[in-house]
Number of protein chains: 2
Amino acid sequence: MVKTENTEERILEAARAVFIRKGLTGARMQEIADEAGINKALLHYYFRTKEKLFDRIFFEVFQTISSGINQAFTENIPFFDKIKKFIDLYIGVLLENPYLPIFFLNEIQQNPERLQQFIEKDVFKSMSSFLIQLSDEINAGRIRPVHPVHFIINMIGMLVIPFAVKPLLAPIVSRQLGIDYNDLLRERKEVVFQFIINAIKPIEK
Amino acid sequence: MVKTENTEERILEAARAVFIRKGLTGARMQEIADEAGINKALLHYYFRTKEKLFDRIFFEVFQTISSGINQAFTENIPFFDKIKKFIDLYIGVLLENPYLPIFFLNEIQQNPERLQQFIEKDVFKSMSSFLIQLSDEINAGRIRPVHPVHFIINMIGMLVIPFAVKPLLAPIVSRQLGIDYNDLLRERKEVVFQFIINAIKPIEK
DNA sequence: GTCTATAAGTAGATAGAC
DNA sequence: GTCTATCTACTTATAGAC
């Protein structure tokens, strides 16, 4: 049960929790109302329809996801520092919002049109600039040749997947290896960085 | 619209398509019936409830996902060959079933209990045996030290994510770089293998 | 702004004819 | 096995009192 004073903010917090847990089609307005500690009719008073309320939450989720990318990619720092910063920021965001990636990816898989509203967003620009910096590093011979798009995909995959497969792996890892999955998630800041460095650093002579 | 003669099989094909597209809560029995070219009542005649029909599909999806893992991990071949085989098999499965990972991961995020029925499955055994082989390789100094669990997560992340983010990246990659995303997906068999090799092969002297 | 009550439509599921 | 018709319960959304 949410505790904020402001009713609108209470609704948003409740909606975020329920939508992320159940998805658009699985969420119930009644459940959101209960979680917010208010009446169902009041939801419609504030946001008119379930779809509009969802749009609002989806937009906020997109911002959460993209702000980290922007922050790291737009800074004017050396390439390896940028990678390190991106990884740290991103795992930080995911540790606080572990269910966000699958929620987000599932909703866009089920309804890709929802992305239309974001096509002009900054994320894509800052990603482009990162791709260019990556190309420059390759041309200068400071990292091994790797297609920039593949590189980004590799990096994002290694960051996101451990959170996505947590329900699958956590019980196994815990039972069979005695490892707490959350510890493992925190370790990944260092592990992923090192793995990437190993993969792209030119062979030393 | 599905064309198989056998009604039960027609229903299953239709249900698979609809459930994977819309998820458990988003799917409608009416839509499955339409897709199968039969009546809604007949669905219930064959599978009694939506939940039972979904369970059946979910089980099949799990098998599709885990059979590739089993095949590659249980074979008695050199370590790097095993990696290569796993990557090839897995990307092959995903190219044929691109929406499977997000569907699967979303459903287990929303209802982790559904995994209970699988805990005794072979995948987990064959994954354990791979973890052991990986440890052996590290101890023998044939690959750089890397925590086996982290290694598997890295590999799976790089394999799965490009399919999961396809709705997000495909339009950008296509518009801004003129690259067909499906070409890029096929390239990944080679790219991921090379990336992993670079990351874990000991530094040559 | 917030509530209760209810309308209108839809979903899963069944009855019963063929 | 397969269909049409229908039941029952639930869901979003609104009307209207306070």
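Definitions and limits used
- Residue positions within a chain follow its written sequence, with the count starting from 1.
- Chains carry letters from A onward and ligands carry numbers from 1 onward, assigned in written order.
- Under the rules for a predicted model, residues below a pLDDT of 70 receive no local features and side-chain atom pairs below 80 are neither given nor counted, while totals for whole chains, interfaces and linings still include all residues.
- Heavy atoms from the whole structure form the basis of all side-chain values; hydrogens and water molecules are not counted.
- Here a residue-residue contact requires only that any non-hydrogen atoms of the pair lie within 4.5 Å.
- By buried area we mean how much accessible surface two parts lose on assembly, using a 1.4 Å probe and totalling the loss over both.
- Whenever Lys or Arg places a side-chain nitrogen within 4 Å of a carboxyl oxygen from Asp or Glu, that contact is recorded as a salt bridge.
- Polar contact is the term for a pair of N or O atoms within 3.5 Å; when the atoms are in protein, one must be able to donate a hydrogen and the other to accept it, and sequence-neighboring residues count only if both atoms are side-chain atoms.
- A run of H or I in DSSP becomes a helix once it reaches four residues, and a run of E becomes a strand once it reaches two; helices and strands are each numbered from the N terminus.
- Residue classes follow a fixed rule: Ala, Val, Leu, Ile, Met, Phe, Trp, Tyr, Cys and Pro count as nonpolar, while Asp, Glu, Lys and Arg count as charged, and any other residue, Gly among them, counts as polar.
- Two aromatic rings, drawn from Phe, Tyr or Trp (for Trp, its six-membered ring), form a pair once their centres lie within 6.5 Å of each other, and the interplanar angle then sorts them: stacked below 30 degrees, edge-to-face above 60, tilted otherwise.
- For each residue, the accessible area found with a 1.4 Å probe, counting protein chains only, is set against the maximum for its type, and the residue is called buried under 20%, exposed over 50%, and partly exposed in between.
- We call a charge positioned above a ring when the Lys NZ or Arg CZ atom is no farther than 6 Å from the ring centre and deviates by at most 35 degrees from the ring normal.
- Annotation comment: domain bounds sourced from an automatic or database domain assignment.

Focus: the interface of chain B and chain A
Listed as interface residues are 53 residues of chain B and, on the opposing side, 53 residues of chain A. Between chain B and chain A lies a buried interface of about 4700 Å² when both sides are counted; carbon and sulfur atoms form 69% of it. If you sort the residues of chain B by the area they bury against chain A, B:Q109, B:H150 and B:F195 come out on top, with a joint share of 15%. Counting across the interface, chain B meets chain A through zero salt bridges. Linking chain B with chain A are 18 residue pairs in polar contact (both at pLDDT 80 or more), by the criterion used here. Those elements that place two or more of their residues in the side of chain B that touches chain A are α1 (7-26), α6 (100-110), α7 (122-139), α8 (148-164), α9 (166-177) and α10 (181-200) of chain B. Residue contributions to the side of chain B that touches chain A peak at 12 residues, all from α8(B). For the side of chain B that touches chain A, the class distribution of residues is 34 nonpolar, 13 polar and six charged.

Concerning the packing of aromatic side chains
Working definition: an aromatic ring pair is given by the centre-to-centre distance plus the angle between the planes. Inspection of every chain in the model, using the stated rule, returns 36 aromatic pairs over all chains. Geometrically, the ring pair formed by B:F62 and B:F104 is tilted, given 6.2 Å between the ring centres and 40° between the ring planes. Of this pair, B:F62 sits in helix α4 (residues 50-74) while B:F104 sits in helix α6, and the two are 42 residues apart along the sequence. What makes B:F104 buried here is its relative accessible area of 4%. Consider the rings of B:F73 and B:F86, whose centres lie 4.7 Å apart with planes at 20°: the pair is stacked. Here B:F73 is found in helix α4, whereas its partner B:F86 is found in helix α5 (residues 79-96), with 13 residues between them in sequence. Take B:F86: its relative accessible area is 1%, and that puts it in the buried class. Over the ring of A:F193 we find A:K84; its NZ or CZ atom is 5.4 Å from the centre of that ring. In this structure, A:R114 is placed above the aromatic ring of A:F58, and the distance from its NZ or CZ to the ring centre is 5.8 Å.

Side note on the domain arrangement of chain A
All names here are of chain A. Partitioning chain A into structural domains gives domain 1 (1-48) and domain 2 (58-200). One C-alpha centre belongs to domain 1, the other to domain 2, and the line joining them spans 29 Å. Of the residues lining the interface, six residues belong to domain 1; the matching set on domain 2 comes to seven residues. Summing the contributions of domain 1 and of domain 2, the shared interface buries around 520 Å²; its carbon and sulfur component is 61%. For the interface between domain 1 and domain 2, the tally reads one salt bridge. Here E60 and R16 are joined by a salt bridge, their closest N and O atoms 2.6 Å apart. If you look at where domain 1 meets domain 2, you find two residue pairs in polar contact (both at pLDDT 80 or more).

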